[in-house]
Amino acid sequence: MIVKIEEKLFQNRYRVDAGRPHISIVKPEVCQFECQTRQCSVCCPAGCYTLEGNGKMSLITDGCLECGTCRVVCDEYRNLDWEYPRGGYGILFKFG
Amino acid sequence: MSEKFDVIVVGAGPAGNAAAYTLAKAGLSVLQLERGEYAGSKNVQGAILYADALEKLIPNFRDDAPLERHIIEQRMWVLDDDSFVGTHYRSDGFNREPFNRYTIIRAQFDKWFSDKVRAAGAVVICETTVTGLLLDSGKRVVGVQVDREGGSIYADMVILADGVNSLLAKKAGFHPELEPRNVALAVKEIHFIPQEVLQERFNIGEEEGVVIELFGKITQGMMGTGFLYTNRESIAVGVGCMLSDFKEQQTTPYALLEQMKNHPSIKPLLAGGEMKEYTAHLIPEGGYKTIPKLCGDGWMIVGDSGMFVNAVHREGSNLAMTTGRLAAETVIDLLKQGQPLTAANLAAYRRKLDGSFVIKDMKKYQEMPEIFHSNRQFFTTYPELLNRSAHTLLHVDGVDKKTKEREIFSSFREQRSLFGLLGDAYKLWRAFR
């Protein structure tokens, strides 16, 4: 079953802090060469992590639901710098 | 902001609101900081509100709180791939006031609660992220750092109600990073359908609600559950499993939810609905053994940040409100007695918790996470056996009932040896005793 996450996220309300992503990959080479499992790309419920053809991990935080999954699941390398967005930015739940 | 407060509360969920409300009502100067646009805009829950914990704070909350429906029926379904065996408990007793449980929409409910906190006299500032705690040379928490200019704010006490991720407690070294096996990842959608259709579909009247708890093949072998709650004119449908299982099994959470929504027993309940929001949230389900250190010089932890969730009974927000209230009462008592807010004195908070249902319930189920982690048959084999037994028994095909019974018994024996069956019964007893 192919599920398009973009269609789900489209229903949500966001105030994106353009140019200031609140999560960043500390050492991209660790994702590319060392990490075998790349759990973030499987477990992130907003599909923020995509494995590129060249083996690089791409992270786009615009659709982030701020749950913390990627940070917790990256327990082998602790390769994420994870902060909450600045006050007022990020996901704005209408219902929660 | 150079002002100093008696207490700073970080976060405006149920725990933070309960704490701030209690403190402000007692006349203390309280600053509550919330990173969302308004209280509730960052918060996610199923959501069921248990009246008792809120009643202890705001006895007449029913007068104006945004409540969706009171629950009159609880269904528990054990699902196989295309069937379910279930129990329903419905009672008109649940229609007698005061009602015990309600469905709520958190963005609306938390906003209402926050208005009560403001009315009680607390200063509530939204759109402000707390980025760190301020500690003095003696490692005493003396305030917080926020992401606004000149953002140091001081207080005698900081209450951390910053939710499951609790970055602040981690940065300060109060507790370590969460482990994937101690948190569940839940994803949820809200589907709007006309009120009359919803009521007819669930056989309920105006204001009456139904809860369906889902268990079995829908979690694809992972330790977890699904749920479906009726709101006034919408349905909340979601599924949550341990993050360690998502990780190990390489399952994508939204694909799991999509599959569950397409189960032949669930799909008709959602038919014609319009999905208006998709959410995700971590739930601290590690239980009693994962409760961190709860207080120290100048700080306390309440709610999800303290791992206060009873996963067996799907309770969390009531534990959050209760821990928030008890933390606040501890501070009020100490200040009244002129005692300093030191780790030793704040230990009274832990004693209050020990005497409450919060710790008693969490202690009761302390073995549960471990037992379910290492015994997947409860999520796969048994739901399957149960459903197939029902099918064998109810499918009339000329085979006599005694033979059918034997067939069912041997299917259990094939899947799980006699020792396995007895062992599982013992494990269940141990998990729930």
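Just so we're clear, the structure is a prediction, and the values are computed from it rather than from any experiment.

Asks: With reference to specific residues and values, describe the overall build of chain B.
Replies: Counting secondary structure elements, chain B contains 15 helices and 17 strands. The C-alpha radius of gyration of chain B comes to 23 Å, within 12% of the 22 Å expected for a compact globule of 433 residues. Seen through its C-alpha atoms, chain B measures out along the principal axes to roughly 85 × 50 × 40 Å. A total of 433 residues make up chain B; the buried ones form 48% of that total.

Asks: Describe the packing of helix α1 (residues 14–25) of chain B against helix α3 (residues 106–119) of chain B, and please don't skip the residues or the numbers.
Replies: All names here are of chain B. Interhelical geometry of α1 versus α3 gives an angle of 20 degrees and a closest axis separation of 9 Å. As the angle between them shows, α1 and α3 are arranged roughly parallel. Two packed elements cross with a definite hand, and for α1 against α3 that hand is left-handed. For the pair α1 and α3, contact is made by N17, A20, Y21 and A24 and by D110, F113, S114, K116 and V117, respectively. Taken together, the residues of the contact of α1 with α3 break down into five nonpolar, two polar and two charged.

Asks: Give a description of unusual backbone geometry that names residues and reports values.
Replies: Going from B:G46 to B:A47, the amide bond is cis rather than trans, its omega being 15 degrees. With respect to the helices, strands and loops of the structure, B:A47 is situated in the loop between β2 (30–33) and β3 (48–50). Unusually for a residue other than glycine, A:R78 sits at a positive phi of about 45 degrees. Here A:R78 is to be found in the loop between α4 (69–73) and β5 (80–82).

Asks: Hey, could you go over the pairing of strand β11 (residues 183–192) of chain B for me, with residue numbers and the actual values?
Replies: Residue and element names in this part refer to chain B. Burial runs high along β11: nine of the 10 residues are buried. Note: β11 against strand β15 (residues 274–284), 10 bridges, orientation antiparallel. Its bridge partner lying in β15, V187 is registered against A280. As judged from the nine bridges shared by β11 and strand β14 (residues 234–242), these two strands associate in the antiparallel manner. Bridge assignment links A186 to a residue of β14, and that residue is G240.

Asks: So what's going on with the interface of chain A and chain B? Residues and values would help.
Replies: Each partner contributes to the interface: chain A provides 30 residues, whereas chain B provides 43 residues. Mapped by element, the contributors of at least two residues to the side of chain A that touches chain B are α1 (5–9), α3 (39–43) and α4 of chain A. Split into classes, the residues belonging to the side of chain A that touches chain B amount to 17 nonpolar, eight polar and five charged.

Asks: Let's hear about the packing of helix α13 (residues 381–394) of chain B against helix α14 (residues 401–415) of chain B: which residues, and what values?
Replies: Residues and elements named next belong to chain B. Relative to each other, α13 and α14 sit at 165 degrees, their axes nearing to 10 Å. Judged by the inter-axis angle, α13 sits roughly antiparallel to α14. Along this stretch, α13 crosses α14, giving a crossing that reads as right-handed. Touching T381, L385, R388, S389, T392 and L393 of α13 are K404, E407, I408, S411, F412 and Q415, all from α14. Looking at side-chain class alone, the contact of α13 with α14 contains four nonpolar, five polar and three charged residues.

Asks: How would you summarise helix α10 (residues 343–354) of chain B if you had to cite specific residues and measurements?
Replies: Note: α-helices contain 3.6 residues per turn, so residues at a spacing of three or four share the same orientation. All names here are of chain B. Over its 12 residues, α10 extends 17 Å from the first C-alpha to the last, a length consistent with the 16 Å expected when each residue adds 1.5 Å. Here α10 has its buried residues at L346, Y349 and L353. Down the axis of α10, the buried side of the element spans an arc of 40 degrees, and every buried residue falls inside it. More than 90 degrees from the buried face of α10, the exposed residues found are A344, R351 and D354. On its buried face, α10 sits against β16 (295–296), β17 (299–301), α9 (317–336) and α11 (357–364).

Asks: Tell me what's going on with the confidence of the model for chain B, and back it up with residues and numbers.
Replies: With 100% of its residues at a pLDDT of 70 or more, chain B shows a mean pLDDT of 95. Predicted complex, confidence summary: ipTM 0.97, pTM 0.95.

Asks: Hey, could you go over helix α7 (residues 253–261) of chain B for me, with residue numbers and the actual values?
Replies: Among the residues making up α7(B), those that are buried are B:P253, B:Y254, B:L256, B:L257, B:M260 and B:K261. Viewed end-on, α7(B) has its buried residues packed into an arc of 155 degrees, placing them on one side of the element.

Asks: I'd like a description of the environment of B:D424, backed by residues and values.
Replies: Residue and element names in this part refer to chain B. The residue D424 is located in helix α15 (residues 418–432) in this model. Accessibility expressed as a C-beta count within 10 Å gives 17 for D424, which makes it partly exposed. Separated by 416 residues in the primary sequence, D424 and I8 have C-alpha atoms spaced 48 Å apart. If we ignore the near neighbours within four places in the chain, the residues touching D424 are N375, Q377 and R416.

Procedures and definitions
- Residues numbered from 1 in each chain as written.
- Chains lettered and ligands numbered in written order.
- Predicted model: local features only at pLDDT ≥ 70, side-chain atom pairs only at ≥ 80, totals over all residues.
- Helix = DSSP H or I, 4+ residues; strand = E, 2+ residues; numbered from the N terminus.
- Rg over C-alpha atoms; globule rule 2.2 N^0.38 Å.
- Buried ≥ 20, exposed ≤ 12 C-beta atoms within 10 Å, placed from the backbone.
- Axes fitted to C-alpha atoms, helices over the stretch in contact; angles between N-to-C directions.
- Parallel < 35°, antiparallel > 145°, perpendicular 65-115°, else oblique.
- Left-handed = near helix turned anticlockwise from the far one by under 90°.
- Contact = placed C-beta atoms within 7 Å.
- Nonpolar A, V, L, I, M, F, W, Y, C, P; charged D, E, K, R; others polar.
- Pairing = 2+ DSSP bridges.
- Expected span 1.5 Å × (residues − 1).
- Arc of directions from axis to C-beta.
- pLDDT = per-residue confidence, 0-100.

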